[in-house]
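# Structure at a glance
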Amino acid sequence: MNFSVNEKGYYGPYGGAWIPEMLYPNVEELRRNYLQILESDEFRREFKNLLSDYAGRPTPLYYASRLSEKYGAHVYLKREDLTHTGAHKINNTIGQILVARRLGKRRIIAETGAGQHGVATATVCAREGLECIVYMGETDVKRQAPNVAKMKMLGAKVVEVYSGNKTLKDATNEAIRDWINHPVETHYIIGSVVGPHPYPDMVARLQSVISEEMKVQLLEKTGRDFPDAVLACVGGGSNAAGAFYHYLDIPQVRLFAVEAAGEGINTGHSAATTVLGKPGIIHGSRTLLMQDTDGQITEPYSISAGLDYPGIGPIHSWLAESGRAKFLWATDDEALQAAFELTRLEGIIPALESAHALAALGKIPFGPNETVVVNLSGRGDKDLETYIKHMKP
Ligand SMILES: *Cc1c(COP(=O)(O)O)cnc(C)c1O
């Protein structure tokens, strides 16, 4: 089975470019140029240098001995939390700003949930000297205050969004509206493997550096360049796509994607798209989507702003449907517990999003000699307020 995108932008029945006519020239320009840009020696050299000297790559692959003891397998953490700005998002924004420059764009827009993508975008815009406008739901502005302050300090304009439940989906709607109104000079840096083709494929390629490094690091540490299992959380699915990328065609590697179940799958407060969703169209792509019987999007919920999204990228809909990846979920409480556990066992405070992946360690039976990699997508600084609220005395 093929897990690469086809020329039309589809993974099985999912993907495509479902966009209004006004956006066609912009998206088509990107589609015609992205592969040539990403594969050019000049881009690859600049991207690689910035990933190493600016973002701090390669990120370590850390053997978590106390976590390993607890779960009865060899557990490694891929430390995306140690990158500049604190999450995997920087890999994508560095790549896309280099693409935007090559397309001659001077104005950058972005959406953000947890604020990590907003900060990563504001960061590369500062470095490049480009105008930056970030759309963010009012709910998220409140729960991720440190990131809002960082974006402003970096010179970005943060536009609060008051529609829907004022989170990631609504911020994305607003960013797309801006894009439609400024279709020529603007590049929209989408923060995950979502949106119209070619975004899901472009973002997956830019994030694939995660599994590219894992191969080298595992070979060095275990004598084999692949693990038995890879775990990653899924909001839109970019850190998971990057962590899975080079293992998609190696069937021995079990892939586990972990969604946010919020207060529980059937509570009406959840974001577990593969359980609750049906095929539909959101933000330019045909994919699994939480919706009611009239096709209206259901408001998602998760304690973690980065996973609070009613869809998933089309590649993940296909990985779920084909069975190549197994989709699991973790509730708010399970994620909080996993975050406190990692902090106490390994001295690492994870992002709430990443804590969902950690929470799945207890849901998978592992053999004692199995090698397991958890993609630790980000650090927990931005979530401290939430952690303090839930800390047991
Ligand atoms: C944004 C974010 C996520 C979710 O986005 P994906 O595209 O699913 O990776 C996960 N973890 C962290 C730390 C994030 O900032």
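Being a predicted model, the structure only gives us computed values, none of them experimental.

## Looking at the environment of E259
Its place among the elements puts E259 in strand β10 (residues 254-262). For the pair E259 and E185, spaced 74 residues apart in sequence, the C-alpha separation works out to 36 Å. With near-sequence residues (within four places) excluded, E259 lies in contact with V234, A271, A272, T273, T274, V275, I312, F327, L328, W329, A330 and H356. Polar side-chain contacts of E259 include one of 2.5 Å to the side chain of T274.

## Overview of the sheet that holds strand β13 (residues 325-331)
Ordered in space as β3-β4-β14-β9-β10-β13, the 6 strands form an open sheet in which the pairing is mixed. What marks the edges here is a single partner per strand, and that holds for β3 (61-63) and β13. For this sheet the average axis-to-axis angle between neighbouring strands, irrespective of direction, equals 25°. Of the pairings in the sheet, the one linking strand β4 (residues 74-79) to strand β14 (residues 371-376) comprises 6 bridges and is parallel in character. When the bridges of β14 are listed, L77 appears paired with V374. Sitting on the sheet, helix α10 (residues 209-222) touches β3, β4, β9 (229-233) and β14, and the angle it makes with β4 is about 140°.

## A word on the state of the cysteines
This model, assessed by the stated rule, comprises 0 disulfides. There is no disulfide at C125, and the cysteine sulfur nearest it, in C132, is 3.8 Å away.

## Some thoughts on the site of the ligand
By nearness alone, 18 residues border the ligand, and K89, S192, G237, S238 and S377 come closest of all. Within the side chain of K89, an N or O atom sits 2.8 Å from an oxygen atom of the ligand. In this structure, G235 approaches the ligand through a main-chain N or O atom, which is 2.7 Å from an oxygen atom. Coverage of the ligand by the protein amounts to 97% of the 380 Å² it exposes when considered alone. Counted by class, the shell around the ligand contains 5 nonpolar, 11 polar and 2 charged residues. Taken domain by domain, the makeup of the shell around the ligand includes at least three residues from each of domain 1 (18-50 + 89-203) and domain 2 (58-87 + 208-390).

## Examining the environment of T83
Mapped onto the fold, T83 is located in the loop between β4 and α4 (89-102). Overall, T83 belongs to the buried group, its relative accessible area being 1%. Note: C-alpha distance between T83 and T59 (24 residues apart in sequence) is 6.9 Å. Beyond its immediate stretch of four places on either side in the chain, T83 contacts A55, R57, T59, H88, I90 and R379.

## Some points on the domain arrangement of the protein chain
By domain assignment, the protein chain separates into domain 1 (18-50 + 89-203) and domain 2 (58-87 + 208-390). Each of domain 1 and domain 2 has a C-alpha centre, and the two are 22 Å apart. The interface of domain 1 with domain 2 comprises 31 residues on the first partner and 36 residues on the second. Both faces combined, the contact of domain 1 with domain 2 buries some 2600 Å², and carbon together with sulfur accounts for 58% of it. A salt bridge links E299 to K169; the nearest nitrogen and oxygen atoms lie 3.2 Å apart. Applying the counting criterion to the domain 1 and domain 2 interface returns 15 residue pairs in polar contact (both at pLDDT 80 or more). For the side of domain 1 that touches domain 2, the secondary structure elements donating two or more residues are α4, α5 (116-128), α6 (138-143), α8 (168-181) and α9 (199-207).

## Observations regarding the sheet that holds strand β7 (residues 157-161)
Spatial ordering of the open sheet is given by β7-β6-β5-β8, a layout of 4 strands whose pairing is parallel. At either margin of the open sheet sits one strand with a lone partner, and together these are β7 and β8 (186-188). Pairwise comparison of adjacent strand axes, ignoring direction, gives a mean angle of 25° for this sheet. Note that strand β5 (residues 107-112) and β8 share 3 bridges and pair parallel. Looking across to β8, one finds that R107 is bridged to T186. Sheet strands in contact with α5 are β5 and β6 (131-137), and its direction is about 165° off that of β5.

The rules behind the values
- Throughout this description, residue numbers start from 1 for each chain and increase along the sequence as written.
- Given that the model is predicted, a residue must reach a pLDDT of at least 70 before its local features are reported, and side-chain atom pairs must reach 80 or more before they are shown or counted; all residues, however, enter totals for whole chains, interfaces and linings.
- Values reported for side chains reflect all heavy atoms of the structure, with hydrogen atoms and water molecules removed beforehand.
- For the purposes of this entry, the term helix denotes a DSSP run of H or I that reaches at least four residues, the term strand denotes a run of E that reaches at least two, and both are numbered from the N terminus.
- Whether two residues touch is decided by their heavy atoms; if any such pair falls within 4.5 Å, the residues are in contact.
- Residues adjacent in sequence count toward polar contacts only when both atoms are side-chain atoms; beyond that, a polar contact is any pair of N or O atoms within 3.5 Å, and within protein one must be able to donate a hydrogen and the other to accept it.
- Two strands qualify as a pair provided that DSSP identifies no fewer than 2 bridges between them.
- To obtain an axis, a line is fitted to C-alpha atoms, over the contacting stretch when the element is a helix, and the angle between two such axes runs from 0 to 180 degrees between their N-to-C directions.
- In this description, a disulfide is simply a cysteine sulfur pair whose atoms lie within 2.5 Å.
- One heavy atom within 4 Å of a molecule or strand makes the whole residue count as near it.
- The accessible surface values rely on the Shrake-Rupley method and a 1.4 Å probe; as for residues, cover is taken only from the protein chains in view.
- Gly counts as polar in this scheme, as do all residues outside two lists: the nonpolar Ala, Val, Leu, Ile, Met, Phe, Trp, Tyr, Cys and Pro, and the charged Asp, Glu, Lys and Arg.
- Segment limits for the domains were obtained from an automatic or database-derived domain assignment.
- We call a residue buried when its accessible area falls under 20% of the maximum for its residue type, exposed when it is over 50%, and partly exposed in between, using a 1.4 Å probe and counting protein chains only.
- Buried area, as used here, totals the accessible surface that two parts lose on assembly, with accessibility defined by a 1.4 Å probe and the loss added over both.
- We count a salt bridge whenever a side-chain nitrogen from Lys or Arg sits within 4 Å of a carboxyl oxygen from Asp or Glu.

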